[in-house]
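What follows is the residue order along each chain.
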Amino acid sequence: MALVLNATPLMYLSRSGGLQLLKSLNTRIYTPKAVYDEVVVEGRRLGKPGADLVDRYVQEGVITVRSPKSKMKLSSKVAGAARGSDWPVDDGEAEVLALAQELDCTAIIDEQVGRNLARLHGIEVHGTVYLLILAHNNGALTKDQTLAMFKRIVAEGWRISVEDYTAIMEELEQL
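Residues numbered from 1 in each chain as written. Predicted model: local features only at pLDDT ≥ 70, side-chain atom pairs only at ≥ 80, totals over all residues. Heavy atoms only, no water.

K.L.:
Tell me about the packing of helix 8 (residues 143-155) against helix 9 (residues 162-173), and please be specific about residues and values.
P.N.:
For the pair helix 8 and helix 9, interaxial distance at closest approach is 10 Å and the crossing angle is 165°. Considering the angle they form, helix 8 stands roughly antiparallel to helix 9. Handedness of the crossing formed by helix 8 with helix 9: right-handed. Of helix 9, the residues touching helix 8 (which contributes K143, T146, L147, F150, K151 and V154) are Y165, I168, M169, L172 and E173. The class makeup of the residues in the contact of helix 8 with helix 9 is seven nonpolar, one polar and three charged. (Axes fitted to C-alpha atoms, helices over the stretch in contact; angles between N-to-C directions. Helix = DSSP H or I, 4+ residues; strand = E, 2+ residues; numbered from the N terminus. Parallel < 35°, antiparallel > 145°, perpendicular 65-115°, else oblique. Left-handed = near helix turned anticlockwise from the far one by under 90°. Contact = heavy atoms within 4.5 Å. Nonpolar A, V, L, I, M, F, W, Y, C, P; charged D, E, K, R; others polar.)

Given below as structure tokens:
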């Protein structure tokens, strides 16, 4: 199994002190160039926390920056699509979806539109919480640590509805 991470999981794991979990997953971790530019290059320019840490993980080879060979295309143009793409998502998500399809691996995207597009095109997709559960299942986190990490991610500003928060907490309580 390999994973292609979008910006949101990288940003919030790094800000919450959870990026080291990627090392425990024992799998290839990719992110496309557009996501790297958003998280690291633009993050540094704006003084965002976590940008340097993500870059260090790239330099150490924990995360591989790799762009897809080609852009994915939907059957028709969609208003609001990223430049050069028919996907109604930003450049980073479009590249995550294209790379996940190209490499036949799992996309890690939190935004609902990107997740829906992944499913529409037969791409396995999960979100940040999936990474916490994988780390727990690999023995890198206890149940209490998993719950605490989820709460830290939310405290860092990760947007989530009350309904989704409740459902995730219930799922994590069952670990």
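K.L.:
Could you give an account of unusual backbone geometry, naming the residues involved and the relevant values?
P.N.:
Positive phi, normally seen in glycine, also occurs at N26, with a value near 55°. As for its placement among the helices and strands, N26 is situated in the loop between helix 2 (21-24) and strand 2 (28-31). Of note, D104 is a non-glycine position whose phi angle comes to about 55°, a positive value. Mapped onto the fold, D104 is located in the loop between helix 5 (91-103) and strand 4 (106-108). You can call D104 exposed: its relative accessible area is 71%. (Buried < 20%, exposed > 50% of the residue type's maximum accessible area, 1.4 Å probe, protein only.)

K.L.:
So, the pairing of strand 2: which residues are in play, and what are the values?
P.N.:
Bridge analysis of strand 1 (residues 2-5) against strand 2 gives three bridges, and the strand direction is parallel. Bridging across to strand 2, A2 finds its partner in R28. Two strands pair when backbone bridges link them, and strand 2 and strand 3 (residues 64-65) are joined in this way by two bridges, in the parallel orientation. Note on strand 3: the bridge partner recorded for Y30 is T64. (Pairing = 2+ DSSP bridges.)

K.L.:
Could you give an account of the pattern of salt bridges, naming the residues involved and the relevant values?
P.N.:
Counted according to the given criterion, the structure contains seven salt bridges. Here D37 and K33 are joined by a salt bridge, their closest N and O atoms 2.7 Å apart. Separated by four residues within a single helix, D37 and K33 lie in helix 3 (residues 33-45), roughly one turn from each other. Taking relative accessible area as the criterion, K33 reaches 39% and is therefore assigned partly exposed. A salt bridge links R66 to E102, with the shortest nitrogen-to-oxygen separation between them at 3.8 Å. With R66 in the loop between strand 3 and helix 5 and E102 in helix 5, this pair connects stretches of sequence that are 36 residues apart. (Salt bridge = Lys/Arg side-chain N within 4 Å of Asp/Glu carboxyl O.)

By themselves, these observations are geometric and do not establish any function.
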